[in-house]
Amino acid sequence: SLNAYIGQSHLRDDVTFFYDRAGDMGDFNRKVVMKGHLSDSHVDSRDLGLFSEYVQQLHEVWTVSGDFAGTVDDFMFSNADIHFGKSSRLLGAIGFKGLPTFDGAVMDINLSLSEVNPVDIAQYYPEWQGHEDLEKFGLTVLDGTFKGTVEDFAVEASASSELGKLGADLVFHISDAKNTTYEGSVKASDFEIGILLDKLPNVQKVNFEGSIQGKGLELKYASTHLDAKVSSLGYNQYNYKNIVLKGDIQNQYFNGFVSAKDSNLVLNLEGEFDLAKPQNVFQVKGAIQKANLANLGLMADSVTLSTVLDINLTGNHFDDLLGTAKLYDTYLLTPEKDKNLVIDTLLLHSGIQGSMRTLQLESEFLMATMKGNFVPSQALKDLQRVMEEYKLYFFGNQTDRKLYYANHANVPQSERYQIDYEVEAKNLTQVLSFLQPELYISRGAKAEGYFRMNNTAIINLNAIADTVRYQKSAFLHSEVDLTTSKFTNRSEVLASILVTSQQQQMGMFVPSENL
């Protein structure tokens, strides 16, 4: 029976030392064989630190039970039950060859229903930059094997955590960030990738499995091939299913393929992304065979889209994007198939010269241009806010307005900018039949004006049309002049509108002129 206090450690139960002669004690690590059983023993890192510089840096007390057999430099600890840190526990068998030097030591670890708290392992890898993300996993249950050295090893394991389940069968050859290689398969089940990537609520759970083979741990060095099947991915409250990803990454250049066979989305796209240049380059081609926009949460009306696309853009952020996006053979179809819209070609272009940005849209239905010193995302937010405030002023009540402006009292004012816009109608018959069948606007109708934003929001519109018809009413040679303005932090709105028309036919009334 053993009950020994050695330094700060306390060993209990039974340990037997085997050696051929007394001189073997001078080479204790290699020639003295130890066999025994430990029960609720406490091993202090300060004592083991005498044999290893790596362990000497730790501040740990392991509570250990199990069967020990071997020498210091070649042993197996079976039936192991090891507690460490605040709440971590390892169950299984742990073997080492090559100690007390940790570098180059060969490990043979087999764990079963072990529990690891990420905060407990931070001190073991202090230089690693991923501890903050690892803590999101919470208490993790591990099953699997780890064989090899810290530089060359194979891991086959599963992990169940607060984020979900992960599985891996991988082989690593660790070098530096440029030359580390890896190969194998990975799997995820109900994994909360949105939490891990800090993308909630837009991104939710993912289920996938796939293979990976590559070299390099940083994007600028990576040379990797990925082949994965995503059985489901939650994005914007819709669960996309049956997605296939295949691609290669080479020095920040990605060339790949993605397909989806979801009940509401069927697509096949090929793309090239060059992230090595000062401005990222995106080139995507392919076809969307079906996209049910309402079920995907992309619009309120139930409309199915199909199109062929060709996208060439550069930029590092949404507001930086420059280039063109072309859509061909676009079909929009309602569920009852009573209405449809066919667009032969739709061209979107974004350009910038100095501080002046240009956005253009062109199709067989209309042409539209916006120019100005604006940032797209900010301008969209400002316009949405102004429209909401106009709605409150004209259709809301005093109580709603007071509550709104009390909640928006500290909204920062936008830097001064102005957007000049022009829209010219071509043949709108088909698009209006789809959107509003009772409305007709003749070819050549034009609208132009500006949206100016600073501490005052101003909207200006001038529109002319040869013929406008709605239901049983018609207006010929008409013109509309509209100007509105309001302070961004006040509810009052100033508005001026002038509508003229040379000839009118209003329902069953007698035709009139020059109203």
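Treat the numbers as computed from the prediction; the structure is a model and nothing was measured.

Draft legend 1. Structural view of the overall build of the protein chain. Helix and strand counts for the protein chain stand at eight helices and 29 strands. For a compact globule of 515 residues, the expected C-alpha radius of gyration is about 24 Å, and the protein chain comes in at 34 Å, more than 25% above that figure. Among the 515 residues that make up the protein chain, the fraction classed as buried is 34%. Considering only intrachain contacts with a sequence separation of at least 6, the fraction spanning at least 24 residues in the protein chain is 43%. With an accessible surface of roughly 30,400 Å², the protein chain has 56% of that area assigned to carbon and sulfur atoms. Treating the 44 positive side-chain charges of the protein chain as one cloud and the 66 negative ones as another, the clouds have centres 6 Å apart.

Draft legend 2. Molecular detail of the environment of Ala287. Following the sequence through the fold, Ala287 ends up in strand β17 (residues 281–292). Through-space distance from the C-alpha of Ala287 to that of Leu113 is 46 Å; in sequence the pair is 174 residues apart. Setting aside residues up to four positions removed in sequence, Ala287 forms contacts with Leu267, Asn268, Leu269, Thr307 and Val308.

Draft legend 3. Highlighting the packing of aromatic side chains. One pass over the structure, following the stated rule, counts 15 aromatic pairs. Each ring, one from Tyr393 and one from Phe394, has its centre 5.1 Å from the other, and the planes form 90°; the classification is edge-to-face. Its relative accessible area of 32% is what places Tyr393 among the partly exposed residues. A relative accessible area of 47% places Phe394 in the partly exposed class.

Draft legend 4. Summary view of unusual backbone geometry. Put simply, Leu200 and Pro201 share a cis peptide bond, and its omega is 0°. Structurally, Pro201 is set in the loop between α5 (193–196) and β12 (203–215). Notably, Asp13 is not glycine yet its phi reads approximately 110°, a positive angle. Mapped onto the fold, Asp13 is located in strand β2 (residues 9–18). Unusually for a residue other than glycine, Asn242 sits at a positive phi of about 55°. With respect to the helices and strands, the residue Asn242 is situated in strand β14 (residues 238–250). Its relative accessible area of 36% is what places Asn242 among the partly exposed residues.

Draft legend 5. Region of interest: the pairing of strand β3 (residues 33–44). One ladder, built from seven bridges, connects β2 with β3; its direction is antiparallel. Along β3, the bridge assignment pairs Asp14 with His37. Strand direction decides the pairing type here: β3 and strand β4 (residues 61–71), joined by nine bridges, are antiparallel. Considered in β4, the bridge of Leu38 is made with Gly66.

Draft legend 6. Representation of the nonpolar core. Leu265, Ala291 and Leu341 are the most contacted members of the largest nonpolar core, which totals 33 residues. Contributing elements (two or more residues each) for this core: β11 (181–192), β14, β16 (265–274), β17, β18 (304–314), β20 (340–353) and α8 (429–435). Beyond its immediate chain neighbours, meaning those up to four positions away, Leu265 contacts Tyr240, Ala260, Ile288, Lys290, Ala291 and Leu296.

Draft legend 7. Main features of a negative patch on the surface. Together, Asp420, Glu422, Glu424 and Glu448 line one region of the surface with negative charge. In terms of residues, the negative patch owes the most to one element, strand β23 (residues 417–425), which gives three residues. In this fold, Glu422 is placed in strand β23.

Draft legend 8. A look at helix α7 (residues 398–407). Residues Arg401, Tyr404 and Tyr405 constitute the buried set of α7. Along the axis of α7, the buried positions cluster into a sector of 90°, meaning they face one direction only. Residues of α7 that are exposed and point more than 90 degrees away from the buried face comprise Thr399, Lys402, Leu403, Ala406 and Asn407. Residues of α7 that are buried sit in contact with α6 (376–395) and β27 (473–487). Looking at where α7 begins, the residue whose side-chain oxygen comes 3.2 Å from the main-chain nitrogen of Thr399 is Asn397.

Draft legend 9. Structural detail: α6. Across its 20 residues, α6 extends 28 Å between first and last C-alpha, which sits within 8% of the 28 Å expected from 1.5 Å per residue. Every buried residue belonging to α6 is among Pro376, Ala379, Asp382, Arg385, Val386, Glu389, Tyr390 and Leu392, and all of these are buried. In this structure, the buried residues of α6 make contact with β21 (356–363), α7, β23, β25 (446–453), β26 (456–470) and β27.

Scoring rules and cut-offs
- Residues numbered from 1 in each chain as written.
- Predicted model: local features only at pLDDT ≥ 70, side-chain atom pairs only at ≥ 80, totals over all residues.
- Heavy atoms only, no water.
- Helix = DSSP H or I, 4+ residues; strand = E, 2+ residues; numbered from the N terminus.
- Rg over C-alpha atoms; globule rule 2.2 N^0.38 Å.
- Buried < 20%, exposed > 50% of the residue type's maximum accessible area, 1.4 Å probe, protein only.
- Contact = heavy atoms within 4.5 Å.
- Areas by Shrake-Rupley, 256 points an atom, 1.4 Å probe, with all protein chains shown as cover.
- Lys, Arg positive; Asp, Glu negative; His and termini not counted.
- Charge placed at Lys NZ, Arg CZ, Asp CG, Glu CD.
- Phe/Tyr/Trp six-rings, centres within 6.5 Å; stacked < 30°, edge-to-face > 60°.
- Pairing = 2+ DSSP bridges.
- Core = buried A, V, L, I, M, F, W, Y, C linked by side-chain atoms within 4.5 Å.
- Patch = residues over 30% accessible without salt bridge, like charges linked within 9 Å, V, L, I, M, F, W, Y side chains within 5 Å.
- Salt bridge = Lys/Arg side-chain N within 4 Å of Asp/Glu carboxyl O.
- Arc of directions from axis to C-beta.
- Polar contact = N/O pair within 3.5 Å; in protein donor to acceptor, adjacent residues only side chain to side chain.
- Expected span 1.5 Å × (residues − 1).

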